[in-house]
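Fold and contact review
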Amino acid sequence: MTMHRAAAPDYVTNSAEIVKAANWEQMETVAIELSDHDFEPKQLKLKANKPYRLVIKNTGEADHYYTAAEFFKSVAWRKAQTPRPHGGELKAPYFTAVEAYKKGGVVELFIVPVKKGVYEVVCTIDDHKDKGMTGTITVE
Ligand SMILES: [Cu+2]
């Protein structure tokens, strides 16, 4: 598989316009599971210019990261949130990594993929990458 970085080093600066123009009623929800020590799906495929809610859930016994800085820079961000009733939400130009706490922690990302490409995702804790916590996110 050919890996390549997004051409531009910068994040998507017109996220607000893209997020506003997107039809969030057509949003697709994608479940991503972090376990000891794997990602499911390992090869995530998304379509550019389509709104998504990525629900990242840690079902493992250890804390895990979903670190995909280049991918996260290549999308338009609406927000990141932890679920109701006791969660909250964050808005920022972009994030670089998401940690979901062990035994059921959930973080939800509301994004619109913008730049096509194949991006790497890893868990950056200890030796989790070597144990299998690596994968790709393809935007086509
Ligand atoms: Cu991990």
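Above this text is the structure in question.
Report on the accompanying structure. (Residues numbered from 1 in each chain as written. Predicted model: local features only at pLDDT ≥ 70, side-chain atom pairs only at ≥ 80, totals over all residues. Heavy atoms only, no water.)

Examining the overall build of the chain
Assigned secondary structure in the chain consists of 2 helices and 11 strands. Scanning the chain from its N terminus toward the C terminus, one meets helices and strands in the order α-β-β-β-β-β-α-β-β-β-β-β-β. Expected size for 140 residues packed as a compact globule is a radius of gyration near 14 Å; at 14 Å, the chain falls within 12% of this value. Projecting the C-alpha coordinates of the chain onto the three principal axes gives extents of approximately 40 × 40 × 25 Å. Burial status across the chain gives 44% buried among its 140 residues. Considering only intrachain contacts with a sequence separation of at least 6, the fraction spanning at least 24 residues in the chain is 77%. Roughly 7700 Å² of accessible area belongs to the chain as shown, and the carbon and sulfur atoms make up 48% of that amount. Charged side chains in the chain number 19 positive and 19 negative. The centres of these two groups are separated by 6 Å. (Helix = DSSP H or I, 4+ residues; strand = E, 2+ residues; numbered from the N terminus. Rg over C-alpha atoms; globule rule 2.2 N^0.38 Å. Buried < 20%, exposed > 50% of the residue type's maximum accessible area, 1.4 Å probe, protein only. Contact = heavy atoms within 4.5 Å. Areas by Shrake-Rupley, 256 points an atom, 1.4 Å probe, with all protein chains shown as cover. Lys, Arg positive; Asp, Glu negative; His and termini not counted. Charge placed at Lys NZ, Arg CZ, Asp CG, Glu CD.)

Considering the coordination of the copper ion
For the copper ion, the full set of protein donor atoms is H64 (ND1), C123 (SG), H128 (ND1) and M133 (SD), and the range of their distances to it is 2.0 to 2.8 Å. Between the 4 donor atoms coordinating the copper ion, the angles at the centre fall across 82 to 138 degrees, so the site counts as irregular. Along the chain, the residues that donate to the copper ion are spaced as H-x58-C-x4-H-x4-M. Of this pair, H64 sits in strand β5 (residues 64-67) while M133 sits in the loop between β10 (117-122) and β11 (134-139), and the two are 69 residues apart along the sequence. Just as H64 is buried, M133 falls in that class too. (Donors = N, O, S within 2.8 Å, 3.2 Å for Na, K, Ca; no water. Tetrahedral: all angles 85-135°; square planar, octahedral: opposite > 155°, others 65-115°.)

A look at the nonpolar core
Core analysis: the biggest nonpolar cluster contains 30 residues, and L54, Y66, F71, L109 and I137 have the highest contact counts within it. V19, A22, A76 and V112 belong to the second largest nonpolar core, which has 8 residues in total. (Core = buried A, V, L, I, M, F, W, Y, C linked by side-chain atoms within 4.5 Å.)

Description of the sheet that holds strand β4 (residues 52-58)
The sheet built from 6 strands is open, its strands ordered β2-β1-β4-β9-β6-β7 with mixed pairing. Of all the strands in the sheet, the pair left with one neighbour each is β2 (38-40) and β7 (88-90). Looking at each pair of strands side by side, their axes are set apart by 20 degrees on average, direction ignored. With 3 bridges connecting them, strand β1 (residues 28-35) and β2 associate as antiparallel partners. Among the inter-strand pairings, S35 is bridged to a residue of β2, identified as D38. (Pairing = 2+ DSSP bridges. Axes fitted to C-alpha atoms, helices over the stretch in contact; angles between N-to-C directions.)

Section: the packing of aromatic side chains
Under the definition given, this model contains 6 aromatic pairs. Linked through ring pairs, F71, F72, W77, F95 and Y119 together constitute an aromatic cluster. Lying over the aromatic face of Y52, K50 brings its terminal NZ or CZ to 5.7 Å of the ring centre. Between K79 and the ring centre of F110, over which it is positioned, the NZ or CZ distance is 4.8 Å. (Phe/Tyr/Trp six-rings, centres within 6.5 Å; stacked < 30°, edge-to-face > 60°. Lys NZ or Arg CZ within 6 Å of the ring centre and 35° of its normal.)

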